[in-house]
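Structural features, examined
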Amino acid sequence: MRDSKTNNNNLKHAPVLLTEVLEGLRIKADGVYVDGTFGRGGHARAILEKLGPTGQLIGLDKDPQAIEAGQALVKQDERFSIERGSFTMLETVIKNRGLEGKVDGILLDLGVSSPQLDDPSRGFSFINDGPLDMRMDNENGLSAAQWLACAKEREISQVLFDYGEERHGKRIARAICKAREEQEITTTLQLAAIISDANPSHEKHKHPATRSFQAIRIFINAELDDVSSVLKQSVNVLAEGGRLAVISFHSLEDRIAKRFIRKQVKGDDLPRHLPVTVDQLNPKFRSIGKAIRAGDEELSTNPRARSAVLRIAEKL
Ligand SMILES: C[S@@+](CC[C@H](N)C(=O)[O-])C[C@H]1O[C@@H](n2cnc3c(N)ncnc32)[C@H](O)[C@@H]1O
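Calculation criteria
Residues numbered from 1 in each chain as written. Predicted model: local features only at pLDDT ≥ 70, side-chain atom pairs only at ≥ 80, totals over all residues. Helix = DSSP H or I, 4+ residues; strand = E, 2+ residues; numbered from the N terminus. Rg over C-alpha atoms; globule rule 2.2 N^0.38 Å. Buried ≥ 20, exposed ≤ 12 C-beta atoms within 10 Å, placed from the backbone. Contact = placed C-beta atoms within 7 Å. Pairing = 2+ DSSP bridges. Right-handed = clockwise from strand over helix to strand, strands pointing away. Near = placed C-beta within 6 Å. Nonpolar A, V, L, I, M, F, W, Y, C, P; charged D, E, K, R; others polar. Expected span 1.5 Å × (residues − 1). Domains from an automatic or database assignment.

**Section: the overall build of the chain**
Across its full length, the chain holds 13 helices and seven strands. Against the 2.2 N^0.38 benchmark of 20 Å for 316 residues, the chain shows a C-alpha radius of gyration of 21 Å, consistent with a compact globule. Based on the C-alpha atoms only, the size of the chain along its principal axes is roughly 60 × 55 × 40 Å. Each of the 316 residues in the chain was classed as buried or not, and the buried ones make up 44%. When contacts within the chain are restricted to residue pairs at least 6 apart in sequence, those whose partners lie at least 24 apart make up 67%.

**A closer look at the pairing of strand S2 (residues 56–61)**
Here is the key point about a regular strand: its side chains alternate between the two faces of the sheet. Of all six residues in S2, six are buried; the element is thus mostly enclosed. Residues Gln56, Ile58 and Leu60 line one face of S2 and the alternating positions Leu57, Gly59 and Asp61 line the opposite face, and both faces are buried. Note that strand S1 (residues 32–35) and S2 share four bridges and pair parallel. For valine 34, the partnering residue across the bridge sits in S2 and is isoleucine 58. Summarising the sheet, S2 and strand S3 (residues 80–84) pair through five bridges and their orientation is parallel. If you follow leucine 57 over to S3, its bridge partner there is phenylalanine 80. For the crossover that starts at S2, traverses helix H3 (residues 64–76) and ends in the parallel S3, the hand is right-handed.

**What about the site of the ligand?**
Near the ligand there are 21 residues, and of these Pro15, Thr37, Gly39, Gly42 and Asp63 occur at the shortest range. For the shell around the ligand, the residue count by class is six nonpolar, nine polar and six charged.

**Let's talk about helix H8 (residues 169–182)**
For H8, spanning 14 residues, the distance from its first C-alpha to its last is 20 Å, which sits close to the expected 20 Å at 1.5 Å a residue. In this fold, the buried residues of H8 make contact with helix H6 (144–150), helix H7 (153–164), helix H9 (188–198) and helix H10 (210–220).

**Here we look at the domain arrangement of the chain**
The domains assigned to the chain are domain 1 (18–114 + 223–315) and domain 2 (139–220). Computed from C-alpha atoms alone, the centre-to-centre distance between domain 1 and domain 2 is 31 Å. On the domain 2 side, the residues contacting the five residues of domain 1 number four residues. Tallied by class, residues from the side of domain 1 that touches domain 2 come to three nonpolar, one polar and one charged.

**A closer look at the pairing of strand S5 (residues 238–248)**
The element S5 is extensively covered by neighbouring structure, given that eight of its 11 residues are classed as buried. Bridge count between strand S4 (residues 103–109) and S5: six bridges; the pairing is parallel. From the neighbouring strand, isoleucine 106 faces S5, where its bridge partner is leucine 244. Summarising the sheet, S5 and strand S7 (residues 309–315) pair through six bridges and their orientation is antiparallel. Opposite arginine 243, over in S7, you have glutamate 314 as the bridge partner.

Shown next as structure tokens:
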């Protein structure tokens with residue numbers, strides 16, 4: 001097992017839907033852009049290539065190793081800066097720089113990066129053994145092992161159901177609680193084995209622990225709450241005509257993005273019978289095109305793109 005402090009910056013992350021993101025953001029050479037999920041900077045570098053000398057890109061990420069990679073880019077490109085923390089600090093970061101209502105585009109490429117998934121020491125993998133961590137910011141908060149050591153059975157089964165849509169959540173939660181009475185659950189393969197033994201009907205082509213690992217990861221990183229929060233903040237941060245691009249990797253995330261955009265396009269919730277014009281409903285966004293998925297060419301080289309869905313909206 002590798003030490004969790006091991007530098008994994010040589011692990012690669014291929015940016016998904018790159019052409020579509022660049023087109024969707026409609027980058028202006030002198031614009032101000034935010035990459036809320038810097039990762040290893042695949043999208044960020046491509047955005048910088050489109051920016052002129054007065055353009056600006058602000059990166060955010062909660063992962064210390066992503067920040068390390070970002071700081072290397074800061075040294076190479078003065079138009080780029082990066083801050084460590086959740087993208088829920090978007091509005092604060094932008095206000096502190098006096099850029100509220102002046103941002104031309106925000107990219108959110110949600111979820112975990114390949115370096116996080118592929119490095120067993122980060123504890124996301126049910127294929128390779130590692131410490132049961134699963135935190136994107138592995139220097140703060142409860143790890144998956146710490147949470148599973150003290151969570152109530154009911155709480156575990158609720159998380160598996162809510163965030164993994166795992167039908168056998170109750171049974172799996174019971175097995176986890178029984179196993180931890182005998183031995184502390186500290187590694188990913190230990191947890192994967194407990195889940196596999198408890199999961200009666202595996203889905204074809206899916207590891208029996210897929211849904212449970214996704215659920216625990218989403219819970220540990222408060223992923224869905226963070227997405228809802230940053231989307232709301234985007235309204236005040238974006239300039240008129242500014243674009244929001246959101247890439248989701250599972251239906252729970254995509255539902256949040258889809259509903260948010262739909263609500264902003266529709267405007268205020270007023271009783272139906274009131275005689276108001278569309279303008280009076282105060283819509284904040286218009287939707288740009290439909291949900292975009294990766295084409296065959298990208299899918300043949302990047303399997304991670306399989307579940308990616310991109311949605312674009314423009315601030316009115
Ligand atoms: C899919 S990767 C992004 C990859 C990036 N677009 C690239 O091309 O390299 C997602 C990244 O977002 C970060 N992340 C996820 N949720 C976050 C949040 N709430 N706040 C800040 N960073 C987050 C993860 O740590 C990870 O580095």
